[in-house]
Amino acid sequence: MVDAIATVGAKVQTASRVSWVSASWTLFTLTLRQHLHGQRWLVVGLLFLLPAGIALLVRATAPNVPPLALEFLLVMMFVPQALLPLAALLYASGIIQDEQEEQTITYLLLRPIPKWAIYGVKLLAAMTTTAVLVVAFVALTYLAIYANADVSYGEVAIRYCQAASIQALAVATYCSVFGLMSLLTKRILVIGILYTAIVEGLFANLPFGIRLLTVIYYTRLIAYRSMSFEVTRRRGGTEDLAAVAWQLDWTSAAKQAEHPQLSTSIFLLVVASMVCAVLGGWLCMQREFHVKTPENN
Amino acid sequence: MTAVVSFQGVSKWYGNVIGINKLTLAVPAGVTGLLGPNGAGKSTLLQLATGQLRPSQGLVKVLGEAVWNNAALNCRIGLCPEQDAFYEWMTGWDFVLTCARLSGLPRKEAREATARTVAAVGMIQHKDRAIRGYSKGMRQRIKLAQALVHEPDVLFLDEPLTGTDPVARRDLMDIIQRLGSEGKSVLVSSHVLHEVQSLTPNIVLLSRGRLVAEGNVRQIRELIDEHPHQIVLHAEECRKLAARLLTWDDVEGVRVLEGEQGLMVETRKPDAFYGRLPALYLEEGLTISAVYSDDDNLEAVFKYLVRK
Amino acid sequence: MPIFDQGYQHWSGRLAGHTWRWLAITRHGLRAAFAGRTIRLVLLLAWIPVLLLAAMLTVWGLIERNSELIQAMLPFLGFLDPAILAGPRPYRIPIWTLSYSIFMSAELWFAMVLVLLVGPNLISQDLRYHALPLYFSRPLRRIDYVLGKLGVIVVVLSSVTIVPAILAYFLGLAFSLDLSILRDTFGILLASIAYGLLIAVSAGLLMLALSSLSRNSRYVALMGVGLWIVSSAVAGALDAADREERMHRARGAMRSEESFSESAEDLAAAKRDWRPLISYTENLQRVGRHLLGTDAAWNLLSKLRPAEERALFMMRFRGPQFPWYWSAGVLAALLVLSASILKFTIKSLDRLK
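Residues numbered from 1 in each chain as written. Chains lettered and ligands numbered in written order. Predicted model: local features only at pLDDT ≥ 70, side-chain atom pairs only at ≥ 80, totals over all residues.

Peer 1: Help me understand the overall build of chain A, please; the structure alone is not making it clear to me.
Peer 2: Scanning chain A from terminus to terminus reveals 13 helices and two strands. Along the first, second and third principal axes, the C-alpha atoms of chain A reach 85 × 40 × 35 Å. Out of the 297 residues belonging to chain A, those deemed buried represent 47%. When contacts within chain A are restricted to residue pairs at least 6 apart in sequence, those whose partners lie at least 24 apart make up 79%. (Helix = DSSP H or I, 4+ residues; strand = E, 2+ residues; numbered from the N terminus. Buried ≥ 20, exposed ≤ 12 C-beta atoms within 10 Å, placed from the backbone. Contact = placed C-beta atoms within 7 Å.)

Here's what the structure looks like:
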């Protein structure tokens, strides 16, 4: 063995051999493997199966519910309000805290990857995981809602693509927000839940300007401006489910103009996401991550 | 001599707790032992030197570059951390390979480096087992492997021998000594004094966040003049010799060793003491078969300095 | 001189009984819990409803005594029907009941937040740092350990439910100066205490079970959140789908609240509706409403409304109508499940591997 050690150190480390991109890609795949490892994956999978399960249950017990109403209820209400924040909270809050709690962060800090890049790459991995979850399980939900229903599957496929894209954008934004919060507080879960309940739950449902500060408002606007949620009633006439549920006054062109346009909403979510990510990276650069040494307080 | 690691007036506070207190230190190339009791600031020093912590005051440099937020420097630094933490679900091979890739080595070179390093730490036969099933010795070896895999110029080892069996300890010490002989700079912290002593005569001694001593163990010992030196004399007529020695002013105490094989003498003036010894035989016929100092070892230095 | 063995020596004194050994664990857990600023802040916020309850009971005492102070407060008492202000005595029980009911509803929300703050660390950290042998190498049984940990949650939750309920009760008594109030309302106090204990024990044991399932306290808290929020969201989604179904079945014009009248069929359907059972907090609330007699209180107050508004009034304020023992059954099943999980996950020293 001692002979073998002779070769260690024989090679000279040169800067040209070090690939920053390669290191970042390894960190990205390492984070994805962490996400996939263990029973957490099973719990999250079960959680995301809920909308599909509810859809099947409702179709079995309440056959008169129009599929579009069920789609709105599950894909546009249940998923963005309950599942997306939870999934984002689970993965984004652990970007640094998990590594710190497990004391494995040392192995990352000792590599030629700047701290902001460690955060950025791990945030990207969290976004990827949650987006894949959303895309996969929303597809299952659509399948559960529309299988054997009297609808055009082409239209359903288009609606699915729209919904999945919107949800993926929303969950990515939530990841950025919660990632940033996790660098500011150790009580990220409780703070995150309070944020979800008060800001994304309460404020977003108030027909006032304060909802402009919520992620879910823009998500809803993107959905509302790109998809239709008008249900035809048996008694005749149609009902706009989204306008009622989301407190969107769409009765006149002037009222509609009060809400941001589709492109503006997408732009704002992307910018908010990037601002939070940059802030998070900057905070990481400033911070020390204590392992086996006392925190400053 | 060029300092590989330098601390210039470095202090580190954790709120009201002080981890390192106005430390100015230059660690030369080669193997250096970092010693100190629990809470002395060894881990803080190593975390400052590897850029994990930002000094509250002062500047830390490694290989002439400031370390805080200097990720590029990490290509030339390796750390074997104290904590027994791993990605437990990985195999040993996978862990070392991942660390090599995280260090920026291209795929092929990372594999080759992993193979070399895993062999070097004697883990080839266990490389495909999950780390969670490793013994303490195996964990220490694989932890050392991740620090070596990118072939750093400076290696920081935080308690690398903790919990290892004698065989693993011997192997790890061989690796460290070989690295030193190959021109690598290694800073090893340890509580096991005799092991550090057998690794290197160069030590840095910390206590309560302050630098207490640095340099060669023997040189340090010589500087501690105010503390009595303990000198062992082997003689046949122990008690007679003891009575004679007690008449000397610079002898502070004499103790007869077990079995009356010799004496333990305490003196503050060892050179004068050694100078007068031949006269005992020549003038009084007292035979002394052996003379040696009992406290040129690290244990004694450690005790003297930390106790103050 | 005797030479003593320097190794392990048996304690030769007398050991205290098992009865209160768990208290040491509770004390330590409480010290750790109250060291956190967030918990202290939430506790402080949780006492805002307590102040409102105390204010309501105090004001009611003054109303019953027809105190002159009430005249100055009249502009703030618009939520009370004039008939109540004119003759308050017959409405004593419903007003006290509803005050406690609303108070406990608010505190249930805070209790869930506090359980999420205090509970996840309790066992998961012991598992993470392999601290269980430290407990079980002492004369502690598993039940002592679980009781000690549960005690932490029970004390914290009681401090925002049971303790303030008792304090507010005596404050209300002090301002009424009528001993008959003791006879009329003592049951409400007992019901509040029972409801508070139910919340603390049920949520506490559930959180302990979750805490014993993972070494990562964040995941434990997320599982708790999932049970609390997702179960309510699922119940809400199913309820919304049911409303959609009924609306579609009705075929007629959409019924507005103004023209609302509840048919016997609707009422019967509401009594068979199992959907709210999916929500954990709804089950707690259903049992709480039964204990406090909230529906009967609303029913009494609804009689002050014109006949055509009564159904709407009841629809607004009463909760789900399914039998309370369904919820009690769900909570009992969760208790058994939690206890079983704890039994399998908390191993005594001899069974540690």
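Read on for the rest.
Peer 1: I would appreciate a short explanation of the overall build of chain C in the present structure.
Peer 2: Across its full length, chain C carries 17 helices and zero strands. By the burial criterion, 41% of the 353 residues in chain C qualify as buried. Look at the contacts in chain C between residues 6 or more apart in sequence, and 89% of them connect residues 24 or more apart.

Peer 1: What should I look at first to understand the interface of chain A and chain C in this one?
Peer 2: When the parts come together, some accessible area is lost, and that loss is often what is quoted as the size of the interface. At the interface, 29 residues of chain A touch 28 residues of chain C. Where the side of chain A that touches chain C is concerned, the elements lending two or more residues are α3 (40-61), α4 (67-92), α5 (94-101) and α9 (188-202) of chain A. For the side of chain A that touches chain C, the leading source of residues is α4 of chain A, giving 10 residues. Residues that form the side of chain A that touches chain C fall into these classes: 19 nonpolar, five polar and five charged. (Nonpolar A, V, L, I, M, F, W, Y, C, P; charged D, E, K, R; others polar.)

Peer 1: Quick question: what am I supposed to make of the sheet that holds strand β4 (residues 57-62) of chain B here?
Peer 2: Strand pairing in a sheet is mediated by backbone hydrogen bonds. Such pairs are either parallel or antiparallel. Residue and element names in this part refer to chain B. What the four strands build is an open sheet, ordered β2-β1-β4-β5; its pairing is antiparallel. This sheet does not close on itself; its edge strands, each paired only once, are β2 (17-28) and β5 (65-66). Looking at chain direction, strand β1 (residues 3-14) and β4 are connected through five bridges and run antiparallel. Bridging from a neighbouring strand, S11 pairs with Q57 of β4. (Pairing = 2+ DSSP bridges.)

Peer 1: What is the right way to read the sheet that holds strand β14 (residues 288-293) of chain B from this model?
Peer 2: Residue and element names in this part refer to chain B. A sheet is described by the order of its strands in space; here four strands give the open sequence β12-β13-β11-β14, paired in antiparallel fashion. Both edges of this open sheet fall to β12 (251-256) and β14, since each of them pairs with a single strand only. Averaged over all pairs of adjacent strands, the angle between strand axes in this sheet comes to 20°, irrespective of strand direction. In the sheet, strand β11 (residues 229-235) pairs with β14 via five bridges, with the strands oriented antiparallel. Considered in β14, the bridge of L233 is made with V291. Running over the sheet, helix α8 (residues 238-245) touches β11, β12 and β13 (262-267) and is turned about 170° from β12. (Axes fitted to C-alpha atoms, helices over the stretch in contact; angles between N-to-C directions.)

Peer 1: Honestly, the arrangement of the chains in this entry has me stumped. Any pointers?
Peer 2: Looking at the two pairs of chains with contacts, the pair that accumulates the most is chains A and B. Chain B shows no contact with chain C. Their nearest C-alpha atoms sit 12 Å apart.

Peer 1: What am I meant to see in the packing of helix α2 (residues 20-36) of chain A against helix α2 (residues 92-102) of chain B here?
Peer 2: Two packed helices can be described by the angle between their axes and the distance between those axes. One can describe the packing of α2 of chain A onto α2 of chain B by two numbers: an axis separation of 7 Å at closest approach and a directional angle of 140°. Classified by the angle their axes make, α2 of chain A and α2 of chain B are oblique. Counting all contacts with α2 of chain A, which are made through S22, A23, T26, L27 and L30 of chain A, the residues of α2 of chain B involved are T98, R101 and L102 of chain B. Looking at the contact of α2 of chain A with α2 of chain B residue by residue, the class counts come to four nonpolar, three polar and one charged. (Parallel < 35°, antiparallel > 145°, perpendicular 65-115°, else oblique.)

Peer 1: What exactly am I supposed to notice about the interface of chain A and chain B here?
Peer 2: Contacts between the two partners involve 42 residues from chain A and, on the opposite side, 51 residues from chain B. Those elements giving two or more residues to the side of chain A that touches chain B turn out to be α1 (2-5), α2 and α6 (105-109) of chain A. Partitioned by chemical class, the residues of the side of chain A that touches chain B number 22 nonpolar, 13 polar and seven charged.

Peer 1: Where do I start with helix α13 (residues 262-286) of chain A in this structure?
Peer 2: Residues lying three or four places apart along an α-helix face the same way, a consequence of the helix completing one turn every 3.6 residues. The end-to-end C-alpha distance of α13 of chain A, which contains 25 residues, comes to 36 Å, matching closely the 36 Å that a straight helix rising 1.5 Å per residue would cover. Tucked inside the fold, the buried residues of α13 of chain A contact α7 (115-146), α8 (153-184) and α10 (215-226) of chain A. (Expected span 1.5 Å × (residues − 1).)

Peer 1: Sorry, what's going on with unusual backbone geometry here?
Peer 2: If a residue is not glycine, its phi is most likely negative; likewise, a peptide bond is most likely trans. Of note in this structure, K22 of chain B is not a glycine but carries a positive phi near 45°. Along the polypeptide, K22 of chain B turns up in strand β2. Residues other than glycine seldom take positive phi values, yet H130 of chain C does so here, at roughly 50°. Locating H130 of chain C in the fold gives a position in the loop between α7 (120-128) and α8 (132-136). You can call H130 of chain C exposed: it has 10 C-beta atoms within 10 Å.

Peer 1: Explain the environment of T50 of chain B here, please?
Peer 2: Looking at the element boundaries, T50 of chain B is found in the loop between α1 (42-49) and β4. Sequence separation of T50 of chain B and N69 of chain B is 19 residues, and the distance between their C-alpha atoms is 9.9 Å. The contact partners of T50 of chain B, leaving out residues within four places of it in the chain, are L110 of chain A together with V67, I77, L79 and F156 of chain B.

Peer 1: I keep staring at α3 of chain A and nothing clicks. Help me out?
Peer 2: Residues and elements named next belong to chain A. Taking 1.5 Å of rise per residue, the 22 residues of α3 would be expected to cover 32 Å, and the 31 Å separating its terminal C-alpha atoms lies within 8% of that figure. Its maximal kink placed at L50, α3 deviates by approximately 35°, while the proline P51 follows within four residues. Residues of α3 that are buried: V44, L47, F48, L50, P51, I54, A55 and V58. (Bend = angle between axes of the 7 residues up to and from the residue.)

Peer 1: Can you walk me through the environment of A52 of chain A in this structure?
Peer 2: All names here are of chain A. Here A52 shows up in helix α3. Spatially, the C-alpha atoms of A52 and L74 are 8.4 Å apart, while their sequence positions differ by 22 residues. With sequence-adjacent residues up to four places away left out, A52 is seen in contact with F137, L140, T141 and A144.

Peer 1: Looking at this model, I keep getting lost on the confidence of the model for chain A. Mind explaining?
Peer 2: Do not read the fine detail of predicted coordinates wherever pLDDT is low. Scored by pLDDT, chain A has a mean of 87; 92% of the residues are at 70 or more. The secondary-structure element of chain A with the lowest mean pLDDT is α1 of chain A, recorded at 42, while α7 of chain A shows the highest, at 96. (pLDDT = per-residue confidence, 0-100.)

Peer 1: Teacher, can you tell me more about the nonpolar core here?
Peer 2: Considering soluble globular proteins, one finds that nonpolar side chains tend to be buried as a cluster. By size, the foremost hydrophobic cluster in this structure holds 257 residues, and its most contacted members are V171 and C175 of chain A together with L157 of chain C. Per-element tally for this core: the top contributor is α4 of chain A, with 21 residues. Apart from residues no more than four positions distant in its own chain, C175 of chain A is found in contact with A88, Y91, A92, L123, A126, M127 and T130 of chain A. A235, V251, V254 and V265 of chain B belong to the second largest nonpolar core, which has 10 residues in total. (Core = buried A, V, L, I, M, F, W, Y, C linked by C-beta atoms within 7 Å.)

Peer 1: Before we go on, may I ask you to explain the pairing of β12 of chain B in this structure?
Peer 2: A regular strand places its side chains on the two faces of the sheet in alternate fashion. In this structure, β12 of chain B lies alongside β13 of chain B, joined through five bridges in antiparallel fashion. Bridge pairing links V254 of chain B to V265 of chain B in β13 of chain B.

Peer 1: Where do I start with the environment of V232 of chain B in this structure?
Peer 2: Residue and element names in this part refer to chain B. Assignment of secondary structure puts V232 in strand β11. Of the residues examined, V232 has 17 C-beta atoms within 10 Å and is grouped as partly exposed. On a C-alpha basis, the gap between V232 and Y292 in space is 5.4 Å, while along the polypeptide they are 60 residues apart.

Peer 1: I'm lost on the confidence of the model for chain C in this one. Help?
Peer 2: Residue and element names in this part refer to chain C. Taken residue by residue, chain C gives an average pLDDT of 83. The fraction at 70 or more is 90%. Predicted confidence is poor over residues 251-260, with pLDDT under 50, and the contacts of this stretch with residues over four places away or in other chains come to 10 contacts. Taken over the whole predicted complex, pTM reads 0.82, whereas the ipTM for its chain interfaces reads 0.84.

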